[in-house]
Every structure is written in C-alpha cells, then in structure tokens.
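Here is how the chains run, residue by residue.
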Amino acid sequence: MQTASKIITEKLSFFYRGRPVLQDIDLCLPENSIIAVTGPSGMGKSTFLSVFNRLWEESGEGDCRGRVLIRFTEGKPVDIYGQNQSVADLRRLVGMVFQAPNPLPMSVFRNIAFPLQLLGRRDKKEVSEKVEEMLRKVHLFEEVKDRLASDARTLSGGQQQRLCIARALMLDPQILLLDEPTSSLDAKACEKIEELLLELKRQRTLLMVSHYQDQVQRVADRVYELIDRQLQRIC
Amino acid sequence: MRKNLEQGLILFSWASCLLVLVTVLYILGYLLHRGGGTIGSQLLFGDVMPLDALLMRRQVFDGLFPAMIGTFALVLLAVGIAIPVGLAAGIYMAEYAGKRSKQLLTVLFDVLAGLPSIVVGLAGFSLTIVLHRLLPGRLGPCLLVSALAISFLVLPYLIRSTQMALESVPFSLRRTAPAMGATPLQNIFYVLLPNRLPDILGGVILAIGRAAEDTAVIMLTGVVVSAGLPRSLFEQFEALPFFIYYISSQYTDSVELQMGFGAAILLLTICGILFASATLIEQTISWRVRR
C-alpha cells in the first residue's frame, strides 16, 4: 500500500567543523513505517538522525544545508529549518531515543512525567494516568508499578531503555528517532524493544540507526546504507 | 622499577592524607585543651543572665554572645548576597558565554580570587567613606558594608564551583531534556543544576568558611571590639575572628588568652553548624528533585 511521504530531504548536506559528513541527500520517507539506516561506525549515522530534530545544534559545531521537510499534519510539509519553526515545538513532535539509556537522575515516575513538566502540566491525576498509559504501552508497568518512586537508574538496562522510549512517547510524537536503541541490551531485552517498535509504527514514523543487519531485516520496512556521505537504499 | 614508583606514590599519598588528618586533629585537640574549659555561659554572656541577653533585655559587653551573633549575621548575609550573584555568573560562564568573553572573564575572576583580603577591605572602606559623604551621619562602617565586602571576597568560589559543576555534566545527560523540547533555561533549572548541587555546595561551604574567618575586611568596614548586638544592618558589630585577632595581640593575662581559644572553638562550632545546614538544604533539595 502506497502511503504519503512523511519526511522529505532536498540536497541535505551536513558539515562538521567544515568536514562534509552528509552530501546532497534527497529522500522521501513514508509515514507509519520503520526506516533503518545502517553503515560502518563513524560515518555520520547519528548525525543524520540529529538533523531531523536539530539536536546537532546543541553541540554548536556543525552546519546543515539543504531542506528538510516534514508533513506534521494533513497539508503542506513544513521546512523544519524555516524561520517560523520553533526548535522546542519541533522536538516535541520528533522524539528521540538514544543509544545508551539515559534516564534522568530522578524517580521512574518523574522521568516519564518530565516532558509534561516541561509543558507546565501539573494536574496530578492527568499526569498519573498518562504515566501509567505510557508504561503500559512499553510493557513496563507491571515490572515497575511498585518502584515508581525509585531512582530510575536502578532499573535494568532493558527497563531503562523502555522507560526512555515511554518518556519519548509521552508527548505523542509523530516521528521517533532511534539511535541504535538496542546496542547496549541483551538478547531478551532486544526482542522486547523490537516488538515494541513494530507496535509503535502503526501510529508514527520510526527512523532508526542500527548496526545489526538481522535486526534491521526483522523490523525495518525500508533500509538505507550510509556510505561515502550518501544514503543508498538497499532494501 | 615502575611498580616501586607506583608503590612510592601510593605511600606518599597516604602519608600526605595522614599529615593533613593529624594536623587537623592536633589543631582541634589543642584548641579544646586550651579553650575547652572556658566554654560556658560566663564566656558567652559574662555577668548578664543568659535569658536577659537572649531576649535582648540587656546588652552583653563582657561575653562573646554579641560576637557570635555578629559572625552568624555576617556570614549569612554575605553568603546570602553572594550565592545568587555567584550562581548567575557561574551559569553565564558555563552555558552562555562565548569563547572570547569566557577567556576574559576567567582572567578577571581569577584576579578577584587572588585579591588579598586587605585590598578588598580597603575597597569596602572607600565605599563607607563615599556612603558617609552621600548620607552624612547616617551610614558609615556597618554590618551591611562588611557583608557586601565579604560577599565580593567569596564570589569567585561560588562562580567557579557553579561553572565547573555545570561544565562537568556529561553530554549524554546535557542533551536529554533538549531532545524533549526543553528550553536552555528549563534544562539548566530542571536537570543541570539539581544534578550538580553537591558540587555547588562545595563552593558554598568554601565561601562560608572564608566569610567566617576573614578579619582584614571586617576590620576596615564595620567590626569593633565592643558594640553589643547590632539592632540593624547599619550598625557596627562584633565578630569572633576579630575578637580572636584582638585578644591574641592585646591580652594582658592568661585568662584573656584562654577566652581567645574559647572564641576559636565557638567560631569552629558556628562553621560546623553552617556547613551542616548547607548540606542538609542540599540533601533536601536533591531528595525532592529525585522523588
């Protein structure tokens, strides 16, 4: 079934300290799918992901050229580097999960509720319900329901990563960027995350970087390889 | 050869730690030995009934109660003034300053940190003269001017500890909140600062210690030997470090000298109480943040 393009890049190039990392990439990525990017280490896969939520700007060392358009709602796609685009708003619509689980040094509950805190939503009932909903969505609620007040860093690696996914889903992003989300996890935890990704793609677009070819084959709808600053579709 | 060198280094490190520990214990023991016997209501209140002094019904002129309260007030006021300024400057240095301005400000703050306290005292003294000319008869050397001068003295500790604390936050944690749409200010106040409170507390403790011990600055800006309890910020005051300095250079008999040792014990106790309070506040905030 043909679906509408969610993400479009036009002559996307990225330079790190003047050195080209990505060059003239043109892409049209469909919605409600998992798109995987593979390739050797150090080729710029994580940089490629950070272009879509402008997170590279946090390091202050980079230069992104070309256009990146995202169709957030029905209608015309939006240039995310356009003058009217707020970075904070963009990052609420484009969530991100990092390679290593990065729970904030606070309780499990507060970690998941943190995105709502940023928006100033403090209604206890609403926040509690939403936290439970997200924990259930990532199949973590039963495992941590008695430990909601515990430091999130005391959870296992797999639990921490699912917590980070739940946190990223809290604001219901339309796109989820996943930077090698299972690289630090054991096989069983990997399996759980993969099942979760397949569930999540029903409602959003997932853009994932992964080293693992077998994992990519299992979950991705489309696979690209990043070689010589270019993306080549391999499946 | 390499193993011997390593063992030698470990031995030297242990010996250094032991030396510091023994020195601290020696100083504490010596103070307790010489001044411990003087600790009591006579040392604090002299001939005045403690209740009368505490309720401010009578002034104490032959005890250390006013100097103790003066020291407490001075430290709290000075650190209270310096903390918001130091935190703000440290945040600016770590999060907002450009490369050039950071280099320039680092040099300036290092110069400020290296200023001898007598120079800061002179600056404070000049301020009192200016204020006295502007408001004749109303403002001269007083608790407020001393606190301002001391806050200036301790500012570099707070700036540097805040800056270093924020700069040591790992990038993986630093980018977590922005990836969820946090503004830079939200990231600072919700993630970076709460995470580095213990490091910032280190700077606060240093500042408390420095504010409590300094004599040169207050000598030129508001402290006197006998003033009683200050009833406002615009009055002169007594302080324990100045009393210790005064009594150790002017004592006429061994009883007076013993009072100096007693004052030193009181000063250490005040510092201990303030350090413990700062730690308790930090732990309470950290606990609330992590819940």
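The rules behind the values
Residues numbered from 1 in each chain as written. Chains lettered and ligands numbered in written order. Predicted model: local features only at pLDDT ≥ 70, side-chain atom pairs only at ≥ 80, totals over all residues. Heavy atoms only, no water. Helix = DSSP H or I, 4+ residues; strand = E, 2+ residues; numbered from the N terminus. Buried < 20%, exposed > 50% of the residue type's maximum accessible area, 1.4 Å probe, protein only. Lys, Arg positive; Asp, Glu negative; His and termini not counted. Charge placed at Lys NZ, Arg CZ, Asp CG, Glu CD. Contact = heavy atoms within 4.5 Å. Buried area = accessible area lost by both parts, 1.4 Å probe. Pairing = 2+ DSSP bridges. Axes fitted to C-alpha atoms, helices over the stretch in contact; angles between N-to-C directions. Salt bridge = Lys/Arg side-chain N within 4 Å of Asp/Glu carboxyl O. Phe/Tyr/Trp six-rings, centres within 6.5 Å; stacked < 30°, edge-to-face > 60°. Lys NZ or Arg CZ within 6 Å of the ring centre and 35° of its normal. Polar contact = N/O pair within 3.5 Å; in protein donor to acceptor, adjacent residues only side chain to side chain. pLDDT = per-residue confidence, 0-100. Nonpolar A, V, L, I, M, F, W, Y, C, P; charged D, E, K, R; others polar. Parallel < 35°, antiparallel > 145°, perpendicular 65-115°, else oblique. Left-handed = near helix turned anticlockwise from the far one by under 90°.

### Some thoughts on the overall build of chain A
Thinking step 1. Helix and strand content of chain A: eight helices and 10 strands.
Thinking step 2. Taking all 235 residues of chain A together, 52% fall into the buried category.
Thinking step 3. If you average the places of the 34 positive and of the 32 negative side-chain charges in chain A, the two averages end up 2 Å apart.

### Considerations on the overall build of chain B
Thinking step 1. When you go through chain B residue by residue, the secondary structure sums to 13 helices and zero strands.
Thinking step 2. Beginning at the N terminus, the succession of helices and strands in chain B can be written as α-α-α-α-α-α-α-α-α-α-α-α-α.
Thinking step 3. When the backbone C-alpha atoms are referred to their principal axes, chain B occupies close to 65 × 60 × 40 Å.
Thinking step 4. The buried share of chain B, taken over its 291 residues, is 43%.
Thinking step 5. Pairs at least 24 residues apart make up 73% of the contacts formed inside chain B by residues separated by at least 6 positions.

### Here's the deal with the interface of chain B and chain A
Interfaces are often sized by the accessible area lost when the parts come together.
Thinking step 1. Listed as interface residues are 19 residues of chain B and, on the opposing side, 22 residues of chain A.
Thinking step 2. Where chain B abuts chain A, roughly 1,900 Å² becomes buried across the two surfaces, and 62% of that area is made up of carbon and sulfur atoms.
Thinking step 3. Secondary-structure elements contributing two or more residues to the side of chain B that touches chain A are α8 (171–174), α9 (184–195) and α13 (254–290) of chain B.
Thinking step 4. Element by element, the count of residues in the side of chain B that touches chain A is highest for α9(B), at four residues.

### Quick look at the sheet that holds strand β5 (residues 78–79) of chain A
All names here are of chain A.
Thinking step 1. Within the open sheet, the four strands sit side by side as β2-β1-β4-β5. Their pairing is antiparallel. The open sheet has two edge strands, β2 (19–30) and β5, and neither has a second partner.
Thinking step 2. Here strand β1 (residues 5–16) pairs with strand β4 (residues 63–70) via seven bridges, running antiparallel. Each residue of the ladder has a partner; that of Glu 10, found in β4, is Arg 67.

### Re the sheet that holds strand β10 (residues 230–233) of chain A
Residues and elements named next belong to chain A.
Thinking step 1. Reading across from one edge, β6-β7-β8-β3-β9-β10 is the order of the six strands in this open sheet, with mixed pairing throughout. Single-partner strands in this sheet number two, and they are β6 (94–97) and β10. If you compare each strand with its neighbour and ignore which way they point, the axes differ by 20° on average.
Thinking step 2. Direction of pairing for strand β3 (residues 34–38) relative to strand β8 (residues 205–209): parallel, over a ladder of four bridges. Directly across from Ile 34, in β8, lies its bridge partner Leu 206.
Thinking step 3. On top of the sheet, helix α6 (residues 157–169) reaches β6 and β7 (175–179); it is set at about 170° to β6, its chief contact.

### Some details on the pattern of salt bridges
Thinking step 1. All chains considered together, the criterion is met by 25 salt bridges over all chains.
Thinking step 2. Each of the salt bridges in this network shares a partner with another, and the network as a whole consists of A:Glu132, A:Arg136, A:Glu142 and A:Lys145.

### Remarks on the packing of aromatic side chains
Residues and elements named next belong to chain A.
Thinking step 1. Tallied over the entire structure, the rule returns nine aromatic pairs over all chains.
Thinking step 2. Three or more aromatic residues joined by ring pairs make a cluster, and in this case those are Phe 14, Trp 56 and Tyr 81.
Thinking step 3. Here Arg 65 stacks its cationic end above the ring of Phe 15, 4.4 Å away from the centre of that ring.

### So, the side chain of A:Arg222
Residue and element names in this part refer to chain A.
Thinking step 1. As for its position among the elements, Arg 222 is in strand β9 (residues 222–227).
Thinking step 2. No salt bridge is formed by the buried Arg 222. Its closest oppositely charged neighbour is Asp 221, at 8.4 Å.
Thinking step 3. Within the structure, Arg 222 has its side chain in polar contact with the side chain of Tyr 224 (distance 3.0 Å).

### Some details on the confidence of the model for chain B
Detailed reading of the predicted coordinates is not advisable wherever pLDDT falls low.
Thinking step 1. Across chain B, pLDDT averages 92, with 100% of residues at or above 70.
Thinking step 2. Reported confidence for the predicted complex is 0.89 by ipTM and 0.84 by pTM.

### A look at the packing of α9(B) against helix α10 (residues 197–213) of chain B
Residues and elements named next belong to chain B.
Thinking step 1. Close contact between α9 and α10 brings their axes to 5 Å; oriented N to C, the two are set at 65°. Along its contact with α9, which presents Leu 193, Pro 194 and Asn 195, the element α10 presents Leu 197, Pro 198 and Ile 200.
Thinking step 2. Residue composition of the contact of α9 with α10, by class: five nonpolar, one polar and no charged.

### Some thoughts on the pairing of β6(A)
All names here are of chain A.
Thinking step 1. What you see with β6 is no split at all: Val 94 and Met 96 on one side and Gly 95 and Val 97 on the other are buried throughout.
Thinking step 2. Pairing between β6 and β7: four bridges, direction parallel. Counterpart to Val 94 in the pairing with β7 is Ile 175.

### So, the packing of helix α5 (residues 99–114) of chain B against helix α7 (residues 143–167) of chain B
All names here are of chain B.
Thinking step 1. Interhelical geometry of α5 versus α7 gives an angle of 140° and a closest axis separation of 8 Å. With respect to their mutual orientation, α5 and α7 come out oblique. Two packed elements cross with a definite hand, and for α5 against α7 that hand is left-handed. In contact with Lys 102, Thr 106, Phe 109, Asp 110, Leu 112 and Ala 113 of α5, α7 contributes Phe 152, Leu 155, Pro 156, Ile 159, Arg 160, Gln 163 and Glu 167.
Thinking step 2. Taken together, the residues that form the contact of α5 with α7 break down as seven nonpolar, two polar and four charged.

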